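# Structure at a glance
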Amino acid sequence: TYSTPGVYNVSLTVSNGSGSVNATKTSYVTVYPNTATYVVPFYSEGFEGSAVPNVDWNVRNANSGTNTWTQTTTAAATGTKSVRVVNASTYDGNIDELISPPIDLTAIVGVPSLTYKVAHAQKTSTSADKLQIYVSTTCGQSWSLRQTITGAGLSTAGVISASFVPTAAQWVTKTLSFASLATET
């Protein structure tokens, strides 16, 4: 069992009369705190600080060894840094998750919402890359899908088959209301 929040490796040893075999999965179990890390009237993240993943932001790459969320200075909507997935060399079906720290929404004045900036180019006109936003009200035990943006609806720059680096004009601001979550801690 894991009683302290954090990311843990998992090891399994199977033995029989012929010997034993060991397997280890790196960063396989994530334990979230049972109370919110941030209880503030306003939370903002520009990814200008320490590299991602860090103490606050967790990255899960379901397809180990492929590109995933990283902090970059290659492009930014504001400031000098952002997080990105370089998808020019990834494969369909890859899942990469960027998970925020727990935030107590009851401290937010007014209707809680998520405002974010996104820049995306499709690799081909039929690319169905997907940005999904999930929310957990159970400290990560379960997640509810709140928004999905797919394919051409996600693209802010059309089709670019090479590695995409957005211009300032290709960043779009999106806002998602969390009115129904206003009483969640």
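Model, not experiment: these values are computed from the prediction.

We now examine the overall build of the protein. Within the protein one finds zero helices and 10 strands. Secondary structure elements of the protein, listed N to C terminal, follow the sequence β-β-β-β-β-β-β-β-β-β. The C-alpha extent of the protein, read off along each of the three principal axes, is 65 × 45 × 30 Å. For the protein, the proportion of its 185 residues judged to be buried stands at 24%. In the protein, the share of contacts with a sequence separation of at least 24, taken over all contacts with a separation of at least 6, comes to 62%. Split by element, the accessible area of the protein, about 11,500 Å² in all, is 53% carbon and sulfur. Taking the average place of the 9 positive charges on the side chains of the protein and the average place of its 9 negative ones, the gap between the two points comes to 6 Å.

Here we come to the pattern of salt bridges. Summed over all chains, the structure comprises one salt bridge. Glu97 is paired through a salt bridge with Arg60; the nearest N and O atoms lie 3.3 Å apart. Of this pair, Glu97 sits in strand S6 (residues 96-99) while Arg60 sits in strand S3 (residues 58-61), placing them 37 residues apart in sequence.

Another aspect to go through is the nonpolar core. Formed by Leu105, Tyr116, Val118, Ile133, Val135, Ile149, Leu154, Leu176, Phe178 and Leu181, the largest nonpolar core amounts to 10 residues. Setting aside anything within four residues of it in sequence, one finds Leu154 in contact with Val118, His120, Asp129, Lys130, Leu131 and Ile149. Grouped together as the second largest cluster of nonpolar side chains are five residues, Val52, Trp57, Val59 and Val83 included.

Okay, a nonpolar patch on the surface next. A cluster of nonpolar side chains, Tyr134, Trp143 and Leu145, forms an exposed patch at the surface whose accessible area comes to about 300 Å². Within the secondary structure, Leu145 sits in strand S9 (residues 144-150).

The next point concerns the side chain of Ser82. Within the fold, Ser82 resides in strand S5 (residues 82-84). A polar atom in the side chain of Ser82 sits 2.6 Å from the backbone oxygen of Ala75. Residues in contact with Ser82, not counting those within four places in the same chain, are Phe47, Thr70, Gln71, Thr72, Ala75, Ala76 and Trp171.

Take the packing of aromatic side chains next. Inspection of the entire model under this criterion finds four aromatic pairs. A centroid spacing of 6.4 Å and a plane angle of 75° characterise the contact between Tyr32 and Trp143, whose relative ring orientation is edge-to-face. Separated by 111 residues along the polypeptide, Tyr32 in the loop between strand S2 (19-31) and S3 and Trp143 in the loop between strand S8 (130-135) and S9 bring together distant segments of the chain. On the basis of relative accessible area, Tyr32 is assigned to the buried category, the value being 18%. When its relative accessible area of 37% is taken as the criterion, Trp143 is described as partly exposed. Note on Tyr38 and Tyr43: the rings are 4.9 Å apart at their centroids and 50° apart in plane angle, and the pair reads as tilted. Taking relative accessible area as the criterion, Tyr38 reaches 23% and is therefore assigned partly exposed. By relative accessible area, Tyr43 is classed as partly exposed at 23%.

The next subject is unusual backbone geometry. The residue after Val52, namely Pro53, is reached through a cis peptide bond having omega 5°. Among the structural elements, Pro53 can be located in the loop between S2 and S3. In the Ramachandran plot, Phe47 falls in the positive-phi region, its phi being about 60° despite a non-glycine side chain. You can see Phe47 is positioned in the loop between S2 and S3.

Definitions and cut-offs
Residues numbered from 1 in each chain as written. Predicted model: local features only at pLDDT ≥ 70, side-chain atom pairs only at ≥ 80, totals over all residues. Heavy atoms only, no water. Helix = DSSP H or I, 4+ residues; strand = E, 2+ residues; numbered from the N terminus. Buried < 20%, exposed > 50% of the residue type's maximum accessible area, 1.4 Å probe, protein only. Contact = heavy atoms within 4.5 Å. Areas by Shrake-Rupley, 256 points an atom, 1.4 Å probe, with all protein chains shown as cover. Lys, Arg positive; Asp, Glu negative; His and termini not counted. Charge placed at Lys NZ, Arg CZ, Asp CG, Glu CD. Salt bridge = Lys/Arg side-chain N within 4 Å of Asp/Glu carboxyl O. Core = buried A, V, L, I, M, F, W, Y, C linked by side-chain atoms within 4.5 Å. Patch = residues over 30% accessible without salt bridge, like charges linked within 9 Å, V, L, I, M, F, W, Y side chains within 5 Å. Polar contact = N/O pair within 3.5 Å; in protein donor to acceptor, adjacent residues only side chain to side chain. Phe/Tyr/Trp six-rings, centres within 6.5 Å; stacked < 30°, edge-to-face > 60°.

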